[in-house]
Amino acid sequence: MTTLAILHSTVRKEEKLIMEAARDRRVDIELIDIRSEVFNPKGYAAEFDIALERSVSTTKGDYAVAFLESLGLPVVNSSLVARNCEDKFLTSLLLARASVSTPKFALVFSLEQALQAVENLGGFPVVLKPPLGSWGRLLAKVNDPDSLEALLEHKDVLGTPPHKAFYIQEFVRKPGRDIRVFIAGEAVLCAVYRESGHWITNTARGGVARLCPVTPELRSICERASSAVGGGLLAVDIFETPDGFSVNEVNHTMEFRNSEEPTGVSISGAIVDYCLSRAKGNS
Amino acid sequence: MSMERLDTTRRGECPVCAAILSPAPNVEETEILPCPECRTMLVVERFESGRLILSEAPQIEEDWGE
C-alpha cells in the first residue's frame, strides 16, 4: 500500500479534504507537522512513498521540500516549481520567456526607476505587489506619482529587505472577476470565475467562486503557463482582457475549498491521484 | 489517530474565556477554530484522553499563503 506524507503546518480545510480523498482511496496517510521536525539528514527516517507539501508557511515549506529532495525522496511540488511560483517576478519572467500572455511588469529598487517603469508600462494606474506574498495582501493600486512616492518611502523605511524590491504590474481592468484554473500534471481539472466588487478577487478576500467553462483557448494558455513554471499541482490565475487571456500568477500550494462545489470536480481527489502517480515505483 | 478522529464526544476549553467547545468530529490536530463566545482564534494542539487541548492560534505571518 502507498503511504502519502502530507507536509503541513496549520491544517486548513484543503488539507482535510485531501486527507478525506486519500482515505477514500485507502491510501495510508502520514501527517508531518513540519514545525515539529528536526531536518537533519543523519538518521532521518522517512517511511512514505511520496510527500505532498501543503505548508501554509512558504518559508517552512520550502525548507522541508529541499530537505526531503536532498535525501532523494519524491515531493510534490518540487522545490524548483515552488520557487518559480512563490516569487511573482520569477513567475512573470518565466511566462514572458515562454511567450505566455501576461500583464506587463517590471522590478525596480528606487522611486526614480519606478517612475520610469510606470511610464514604460503605459502609465498610471499600476499595481504594486510584494514579489513574495499571497492572499492579495499588501497589494496596492497606485493611481498617481504622489501615491507611488509615499508607498515606496513607507516600504523603504518600514519594510524588511524583500519589501525593498518593488514589483510593478500594469493595472488590468477586469470584468469584476478573474479566472482560476486547477491543474494536476498534464490534466486541466476545472476552472472557476472569482467574482468580486473589489479589484482584488481572491476568494481568501471574499471573492465568490462560480463555474467557468474550460475552453480550448483557456486550456491551451494554462498548459503553457504550467509548463513554463515546471508543471505539477498548480492553480493558474487569469485575467480576461480585450486581447484574450492573460496569466497573472501561478500558485503552487493552491487553496480550493470554494471551488469543488461549483465545479463538481474533486480537486482533492485529483491531487491524491497525481501524488500516487508520482510515488516511488510509479513515476 | 483514526480512533481519536472518530470520537464525536470530544470537547475542549477555550484558554481565554473558558467556554466549552464541541467541534465537528473530523477536527484535526493543528486546525484553527474560532471560540464561539469570545471569538479568539484557537488551535487544536493535541488530543488528550478524549479531550481537545486548545491554545491561542498563531497570528498570520507574512509568508503564509498558497
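Conventions used here
Residues numbered from 1 in each chain as written. Chains lettered and ligands numbered in written order. Predicted model: local features only at pLDDT ≥ 70, side-chain atom pairs only at ≥ 80, totals over all residues. Helix = DSSP H or I, 4+ residues; strand = E, 2+ residues; numbered from the N terminus. Buried ≥ 20, exposed ≤ 12 C-beta atoms within 10 Å, placed from the backbone. Contact = placed C-beta atoms within 7 Å. Domains from an automatic or database assignment. Nonpolar A, V, L, I, M, F, W, Y, C, P; charged D, E, K, R; others polar. Axes fitted to C-alpha atoms, helices over the stretch in contact; angles between N-to-C directions. Parallel < 35°, antiparallel > 145°, perpendicular 65-115°, else oblique. Left-handed = near helix turned anticlockwise from the far one by under 90°. Pairing = 2+ DSSP bridges. Expected span 1.5 Å × (residues − 1). Arc of directions from axis to C-beta.

Undergrad: Explain the overall build of chain A to me, please; I cannot follow it from the model alone.
TA: Helix and strand counts for chain A stand at nine helices and 13 strands. Projected onto the principal axes, the alpha-carbon positions of chain A cover approximately 60 × 45 × 30 Å. Burial statistics for chain A: of 283 residues in total, 43% are counted as buried. Here the analysis covers contacts within chain A between residues at least 6 apart in sequence; of these, 66% occur between residues at least 24 apart.

Undergrad: Quick question: what am I supposed to make of the overall build of chain B here?
TA: Per the secondary structure count, chain B includes one helix and five strands. N-terminal to C-terminal, the α/β element order of chain B is α-β-β-β-β-β. Within the span of chain B, comprising 66 residues, buried residues form 20% of the whole. In chain B, 32% of the contacts between residues at least 6 apart in sequence involve partners at least 24 apart.

Undergrad: What exactly am I supposed to notice about the domain arrangement of chain A here?
TA: Size of an interface: often given as the accessible area lost when the parts come together. All names here are of chain A. When the domains of chain A are assigned, the result is domain 1 (3-84), domain 2 (104-170) and domain 3 (173-273). Counting residues at the interface gives 21 residues for domain 1 and 15 residues for domain 3. Of all the elements in the fold, those that place two or more residues in the side of domain 1 that touches domain 3 are helix H1 (13-24) and helix H3 (79-86). Sorting elements by how many residues they give to the side of domain 1 that touches domain 3 places H1 first, with seven residues. Taken together, the residues that form the side of domain 1 that touches domain 3 break down as 10 nonpolar, four polar and seven charged.

Undergrad: Would you take a moment to explain the packing of helix H5 (residues 111-121) of chain A against helix H6 (residues 145-158) of chain A for this structure?
TA: Between two packed helices, what matters for the description is the angle formed by their axes and the separation of those axes. Residues and elements named next belong to chain A. In the contact formed by H5 and H6, the axes pass within 10 Å of each other and the chain directions differ by 140°. Put simply, H5 runs oblique to H6. The element H5 and its partner H6 pack so that their crossing is right-handed. On H6, the residues that touch Leu111, Ala114, Leu115 and Val118 of H5 are Pro145, Leu148, Glu149 and Leu152.

Undergrad: What is the right way to look at the interface of chain A and chain B in this model?
TA: Each partner contributes residues to the interface: chain A has 18 residues there, and chain B has 11 residues. Classifying every residue of the side of chain A that touches chain B gives five nonpolar, 10 polar and three charged.

Undergrad: I would appreciate a short explanation of the sheet that holds strand E6 (residues 126-129) of chain A in the present structure.
TA: Think of a sheet as strands paired side by side through backbone hydrogen bonds, with each pair either parallel or antiparallel. All names here are of chain A. An order of E5-E8-E6-E7 is seen for the four strands of this open sheet, with the pairing classed as antiparallel. The strands lining the two open edges of the sheet, one partner per strand, are strand E5 (105-108) and strand E7 (140-142). Adjacent strand axes in the sheet meet at a mean angle of 30°, parallel and antiparallel pairs treated alike. Sheet topology places E6 next to E7; three bridges connect them, and they run antiparallel. Bridge pairing in E7 links valine 127 to lysine 141.

Undergrad: Just to check I follow, could you spell out the pairing of strand E9 (residues 177-184) of chain A for this structure?
TA: It is a general feature of regular strands that their side chains alternate between the two faces of the sheet. Residues and elements named next belong to chain A. The buried fraction of E9 amounts to seven of the eight residues, a majority that puts the element mostly inside the structure. Note: E9 against strand E10 (residues 187-195), eight bridges, orientation antiparallel. Paired with isoleucine 179 across the bridge in E10 is tyrosine 193. Joining the antiparallel neighbours E9 and E10 is a turn of two residues, in which glycine 185 adopts a positive phi near 65°. When E9 meets strand E12 (residues 233-241), the two strands line up antiparallel, connected through six bridges. When the bridges of E12 are listed, valine 181 appears paired with valine 236.

Undergrad: When you look at the sheet that holds E12(A) in this model, what are you seeing that I'm missing?
TA: All names here are of chain A. Read across the open sheet, the five strands follow the order E11-E10-E9-E12-E13; overall the sheet is antiparallel. The strands lining the two open edges of the sheet, one partner per strand, are strand E11 (208-211) and strand E13 (244-251). Averaged over all adjacent pairs, the angle separating strand axes in this sheet is 35°, with direction ignored. Here four bridges tie E10 to E11, and the two strands are oriented antiparallel to one another. Counted as the bridge partner of arginine 194 is alanine 209 from E11.

Undergrad: I tried to follow the packing of helix H4 (residues 88-97) of chain A against helix H7 (residues 216-229) of chain A on my own but got confused; where do I start?
TA: Residue and element names in this part refer to chain A. At a minimum axis separation of 9 Å, H4 and H7 run at an interaxial angle of 120°. With respect to their mutual orientation, H4 and H7 come out oblique. Classified by chirality, the crossing of H7 by H4 is right-handed. In this structure, H4 contributes Thr91, Leu94 and Leu95 to the contact, and H7 contributes Ala225, Ala228 and Val229. In terms of residue class, the contact of H4 with H7 is made up of five nonpolar, one polar and no charged.

Undergrad: Is there a simple way to think about H1(A) in this case?
TA: Note: α-helices contain 3.6 residues per turn, so residues at a spacing of three or four share the same orientation. Residue and element names in this part refer to chain A. Over its 12 residues, H1 runs 16 Å from end to end, which matches the ideal 16 Å to within 8%, given 1.5 Å per residue. Those residues of H1 that fall on the buried side of the exposure criterion are Glu14, Glu15, Ile18, Met19 and Ala22. Along the axis of H1, the buried residues cluster in a sector spanning 140°; they form a single face. Considering only its buried residues, H1 is in contact with strand E1 (3-8), strand E2 (28-33) and helix H9 (267-278). Remark: arginine 26 follows H1 within two positions and exhibits a positive phi of approximately 55°.

Undergrad: Would you take a moment to explain the pairing of E13(A) for this structure?
TA: Counted residue by residue, E13(A) has seven buried out of eight residues, so it is predominantly covered. Joining the antiparallel neighbours E12(A) and E13(A) is a turn of two residues.

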